[in-house]
Amino acid sequence: MSKVDTAPVANAPVATGMPAAALGAPSAAYTAWLRKERIRHLGVRGTQGAILIAFLLLWEILPRAQLVNPMLTSYPSALWPTFLDLLKDKPQQVNILVHTWGTVFATIVGFTAAMVIGTIVAAILWWWESLYKILDPYLVVANAMPKTAFVPIFYIWLGATASIYAMALAISVFITILMIYSGFQGVDPNKIKLAQTFGATRWQILRKVVLPGSVPTMIATLKVNTGLSLVGVVVGEFQSASIGLGYLIQYGSQIFKLNIVMTAITILAIVSSVMYLAIHWLEAAVMKRR
Amino acid sequence: MSNSPISSPTNLRPKRSDIVESKAAGPAKVELRDVSLRYFTPETETEALAGISLTIRAGEFVSIIGQSGCGKSTLLSLISGLMQPTGGVVLVDGQGVDKPSPKVGYMLQQDYLFEWRTILENTMIGAEIQGRDLVAARDRAKTLLTRYGLGQFFDYLPRQLSGGMRQRVALARTLVTEPDVVLLDEPFSALDSQTRIALADEVAEVLRREGKTAILVTHDIGEAVAMADRVVVMSRRPGRIRSDHAIRFYNGDGQRPTPFAARSTPQFNTYFKMLWEELEVHVEG
Ligand SMILES: Nc1ncnc2c1ncn2[C@@H]1O[C@H](COP(=O)(O)OP(=O)(O)OP(=O)(O)O)[C@@H](O)[C@H]1O
Ligand SMILES: [Mg+2]
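Procedures and definitions
Residues numbered from 1 in each chain as written. Chains lettered and ligands numbered in written order. Predicted model: local features only at pLDDT ≥ 70, side-chain atom pairs only at ≥ 80, totals over all residues. Heavy atoms only, no water. Helix = DSSP H or I, 4+ residues; strand = E, 2+ residues; numbered from the N terminus. Rg over C-alpha atoms; globule rule 2.2 N^0.38 Å. Buried < 20%, exposed > 50% of the residue type's maximum accessible area, 1.4 Å probe, protein only. Lys, Arg positive; Asp, Glu negative; His and termini not counted. Charge placed at Lys NZ, Arg CZ, Asp CG, Glu CD. Contact = heavy atoms within 4.5 Å. Patch = residues over 30% accessible without salt bridge, like charges linked within 9 Å, V, L, I, M, F, W, Y side chains within 5 Å. Areas by Shrake-Rupley, 256 points an atom, 1.4 Å probe, with all protein chains shown as cover. Salt bridge = Lys/Arg side-chain N within 4 Å of Asp/Glu carboxyl O. pLDDT = per-residue confidence, 0-100. Core = buried A, V, L, I, M, F, W, Y, C linked by side-chain atoms within 4.5 Å. Expected span 1.5 Å × (residues − 1). Pairing = 2+ DSSP bridges. Axes fitted to C-alpha atoms, helices over the stretch in contact; angles between N-to-C directions. Near = heavy atom within 4 Å. Polar contact = N/O pair within 3.5 Å; in protein donor to acceptor, adjacent residues only side chain to side chain. Nonpolar A, V, L, I, M, F, W, Y, C, P; charged D, E, K, R; others polar.

Participant: Outline the overall build of chain A, listing residues and values.
Facilitator: A tally of helices and strands in chain A yields twelve helices and zero strands. Taken over C-alpha atoms, the radius of gyration comes to 26 Å for chain A, far larger than the 19 Å a tight globule of 290 residues would show. The dimensions of chain A, computed from C-alpha atoms along their principal axes, are 90 × 60 × 30 Å. Looking at chain A as a whole, 36% of its 290 residues are labelled buried. Side-chain charges of chain A comprise 21 positive and 10 negative groups, with the mean position of each set lying 7 Å from the other.

And the structure:
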C-alpha cells in the first residue's frame, strides 16, 4: 500500500523550463502578449541604434558646419581613409591591426591574470579569515589608489613591455579580490552547513559549494575588470610602448593628427563592445544552469 | 523506568502516558549523557541546553517538540557532530561523536538544493563528499528519486520543481549515503498543510521500512504524535527534557497505522490534547 510508489507526477512541477505544450493552440491573449513583448524588444533595440546613429551624425555634421573645429574632433567619414592608410605597413610605423592586437592581447593577459590571481587570493582570504581581517584595510586602500600614478615608476622598474602588463593587472586585481571575496562570503551558510552534515572538509566546501556558488559574482567581476584592464593597458602604452593603440593615440596627438587619434579611439570603442558581447554570451551560457 | 529525566515538580499534568521503556526496539543507538551547550558571542553567552540525558534505541522514531528557541536544532546539531557539547557526552553506537559521521544523516529545515546542480547531481552530493563508490551511489540515487516519484526529473534544475518535490529530493539526498540515524529538523515547515501531511506519511514509512532510527524536530504536535513511537517535550531555555511519552496506537493487527491513519484514531486525540496542555502549562509557568 505504499503511497510512495504512487506519489509521482500528480503534482506537476512549477515548470520554468518545461514545454507548455499541453495547452494546445496559444490563446489570443497569449499571442497579443507575445506581440507586445516583441514590439517592446524592437523598441529597445531601435532606440539603441538611433542613439548611435544620432551620435555619428552630430559628429559628422557639427565639424562640417564649422560649429566645432574639425581640427579638434575630426569626423567619421574622415576616419575611414585614415584607417585604410594606417592599414599599410610603413618604415617607422607598423599597421594598425598590429597595434590593435598588441592592446587586445595585453588586455586579455591582464584580466585573465587578475581573475586567476584574484580568485586564488580571495580563496586564501576565505580560508584564513584572520588574514582577511588583517589585510582588509590595505586592500581597500590599494584599490582606491590611482594606479595610473605608477605608470612612470613601473616603466623604470619593469621596462617597456612588462610595465604594460603590470599596469593592466595592478588596476584590476584589487577590485577583483574584493569582489570575489565578497561573493565567497555571500554564499548561503546553510549550503555550507549542508555539506558539513556529510562531513565535508574545508577544501571540499571550497570546491563544491563556495566556488560554484560564486560563479555569478565572478561574471560580474569579469565585466568590471576587462574594462579596467583595457584602461591599464592604454595608459601603460602612453608611457612606454612603440606598439598598441595607446601608443598610436599618443603619437597622433604629438604630431597633431587628430584623425589618427580618433581612429584609434573608435577602434577602442569597438574592442570594448566586442568584449562586452563576449562576456554577455558567456553569462548567458553559464546562467542557463541557474 | 530508568529513563525518566523529568524533574518538574508539577503534577497538574493530566494523563501521563507511560515513560518509554526499552521494549520498543534494539540497543541504544544514540545516547546523550548530561549534555549541556552554551553559545558564546562577544556580547554574552547563552545557555541553550542544560543537563540533557536521552537514550534512543535502534529503529525508534522519536519526535522532539518544544517552544521556539528551546534548543531543538542545537540538540540535532550536537547529535550530528556539527557542534561539540560544552558539557557531557554524545554517543552514537556507544562511540563519542566529535565530527559528522556517515552513520548520521541530517535533513535540514529547508532543502538547500544547489541551484547549479541537476536533481540527480544534488542527490549525489553527500556520496561525493564522503568519497563513496559513485557508480553505486548513482544507482541508489536514481532508485530513491524514482521511488519518490521523481523518475523523470533527474536532469531538471531545482528551480523547475515545486516545494514538495524539492523536499523529496532532499530526503533522497539524505538517504543516498545510507545513514542509520536520520535527523529531521522541521523538514516540512515550508510546505502547505496537505503536501505536508502526505510527505510526512511518505517519510515516516520510508524510514520505518528501512529500519532507520529517526529523530524528528517539529512545532506541530499532530505531526509529532502521528509519526513517532515516542515524543520528547523540551522545556524553555535552557532546554531540558521535560517529559517523554511513548506513543502507541491500538488497532487490532498490531501494526502501527500510517501517520495519516493515526490521525483519525481516538488515541491520537488523547495524546494531542495531553501534549497541547503540557505545552500550554509550560507557557504560563
Ligand atoms: N549560533 C548561535 N549563537 C548564539 N546563540 C545561539 C546560536 N544558535 C542558537 N542560539 C540560541 O540558542 C537557543 C536555542 O536555539 P535553537 O536554534 O537550538 O532553538 P530551536 O529550539 O531550534 O528553535 P526553533 O524552534 O525556533 O527553531 C536560542 O535561544 C538561540 O537564541
Ligand atoms: Mg530550530
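Next, the rest of the story.
Participant: Got a sec to walk through the overall build of chain B? Specific residues and values, please.
Facilitator: Looking only at helices and strands, chain B has eight helices and ten strands in total. Counting the 285 residues in chain B, one finds 54% classified as buried. For chain B, the share of sequence-separated contacts (at least 6 apart) that also reach a separation of at least 24 residues comes to 71%.

Participant: Residues and numbers for a nonpolar patch on the surface, please.
Facilitator: Residues and elements named next belong to chain A. A contiguous nonpolar patch, built from Val116, Ile117, Ile120, Ile124, Trp127, Trp128, Leu131, Ile134, Leu135, Tyr138 and Trp203 and spanning about 1100 Å² of accessible area, is present on the exposed surface. Mapped by element, the contributors of at least two residues to the nonpolar patch are helix H5 (96-127) and helix H6 (129-144). Looking at the nonpolar patch, the element that brings in the most residues is H5, giving five residues. Residue placement: Leu131 occurs in helix H6. Assessed through its relative accessible area of 30%, Leu131 is described here as partly exposed.

Participant: How would you explain the confidence of the model for chain B if you had to name every residue and give the values?
Facilitator: Residue and element names in this part refer to chain B. Considering every residue of chain B, the mean pLDDT works out to 85; 88% of them sit at 70 or more. Per-element averaging of pLDDT across chain B places helix H8 (residues 266-284) at the bottom with 79 and helix H2 (residues 119-129) at the top with 96. Segment residues 1-24: pLDDT under 50, and 45 contacts once partners within four positions in sequence are set aside and those in other chains are kept. Quick note on the complex model: pTM equals 0.83, ipTM equals 0.84.

Participant: Give me the lowdown on the nonpolar core, citing residues and values where you can.
Facilitator: Residues Phe184 and Ile205 of chain A together with Leu32, Ile52, Leu75 and Leu183 of chain B are the most contacted members of the largest nonpolar core, which totals 79 residues. By residue number, the principal contributor to this core is helix H12 (residues 258-287) of chain A, which donates nine residues. With residues near it in sequence (within four places) discarded, Phe184 of chain A still touches Thr119, Ala122, Ala123, Trp126, Val210, Leu211, Ser214 and Met218 of chain A. Within the second largest apolar cluster, 37 residues are counted, among which are Phe61, Ala141, Ala214 and Ala228 of chain B.

Participant: So, the pattern of salt bridges: which residues are in play, and what are the values?
Facilitator: Taken as a whole and assessed by the stated rule, the structure comprises 27 salt bridges over all chains. Where Lys223 of chain A meets Glu283 of chain A, a salt bridge forms, and the shortest distance between an N and an O atom there is 3.1 Å. With a gap of 60 residues between them, Lys223 of chain A in helix H10 (residues 215-240) and Glu283 of chain A in helix H12 connect regions that are remote in the sequence. By relative accessible area, which is 22% here, Glu283 of chain A ends up partly exposed. Note that Lys273 of chain B and Glu277 of chain B form a salt bridge whose closest N and O atoms lie 3.4 Å from each other. Placement of both Lys273 of chain B and Glu277 of chain B in helix H8 is noted, with a separation of four residues, approximately one turn of the helix.

Participant: Please give an account of the side chain of Lys191 of chain A that cites residues and values.
Facilitator: Along the chain, the position of Lys191 of chain A falls in helix H8 (residues 189-197). Since its relative accessible area comes to 12%, Lys191 of chain A is described here as buried. Those residues within four positions of Lys191 of chain A in sequence are excluded, and the remaining contacts are Val209 of chain A together with Leu113, Phe114, Glu115 and Trp116 of chain B.

Participant: Lay out H6 of chain A in plain terms, naming residues and giving numbers.
Facilitator: Residues and elements named next belong to chain A. For H6, built from 16 residues, the straight-helix expectation of 22 Å at 1.5 Å per residue is met to within 8% by its first-to-last C-alpha distance of 22 Å. Among all positions of H6, only Tyr132, Leu139 and Ala142 are buried. The elements touched by buried residues of H6 are H5 and helix H7 (151-186).

Participant: How would you sum up helix H2 (residues 28-64) of chain A? Please name residues and give values.
Facilitator: Each α-helix turn comprises 3.6 residues. Residues three or four places apart therefore point the same way. Residue and element names in this part refer to chain A. The end-to-end C-alpha distance of H2 is 53 Å, a good match for the 54 Å that 37 residues give at a rise of 1.5 Å each. Of all the positions in H2, only Trp59, Glu60 and Pro63 are classed as buried. Buried residues belonging to H2 abut helix H3 (70-73), helix H4 (76-87) and H12. Looking one or two residues past H2, Gln66 carries a phi angle of roughly 60°, positive in sign.

Participant: Now, about the sheet that holds strand E7 (residues 181-185) of chain B: what can you tell me, with residues and values included?
Facilitator: Backbone hydrogen bonds hold the strands of a sheet together, and the pairing may be parallel or antiparallel. Residue and element names in this part refer to chain B. A sheet is described by the order of its strands in space; here six strands give the open sequence E6-E7-E8-E3-E9-E10, paired in mixed fashion. Edge positions in the sheet fall to strand E6 (104-107) and strand E10 (241-246), since each has one partner strand and no second. Adjacent strand axes in the sheet meet at a mean angle of 15°, parallel and antiparallel pairs treated alike. One ladder, built from four bridges, connects strand E3 (residues 61-65) with strand E8 (residues 213-217); its direction is parallel. By the bridge assignment, Ser63 is partnered in E8 with Leu216. Across the face of the sheet, helix H5 (residues 193-209) comes into contact with E3, E7 and E8 while running at roughly 140° to E3.

Participant: Before we move on, can you summarise the site of ligand 1 with the specific residues and values?
Facilitator: Residues and elements named next belong to chain B. Surveying the vicinity of ligand 1 reveals 14 residues, the closest of which are Ser68, Lys72, Ser73, Thr74 and Arg237. At 2.9 Å, a backbone N or O of Gly71 approaches an oxygen atom of ligand 1. In the environment of ligand 1, an oxygen atom lies 2.7 Å from a nitrogen or oxygen atom belonging to the side chain of Lys72. Burial of ligand 1 by the protein amounts to 67% of the accessible area it has alone, namely 630 Å². Element by element, the count of residues in the shell around ligand 1 is highest for helix H1 (residues 72-80), at three residues. Residue composition of the shell around ligand 1, grouped by class: three nonpolar, eight polar and three charged.

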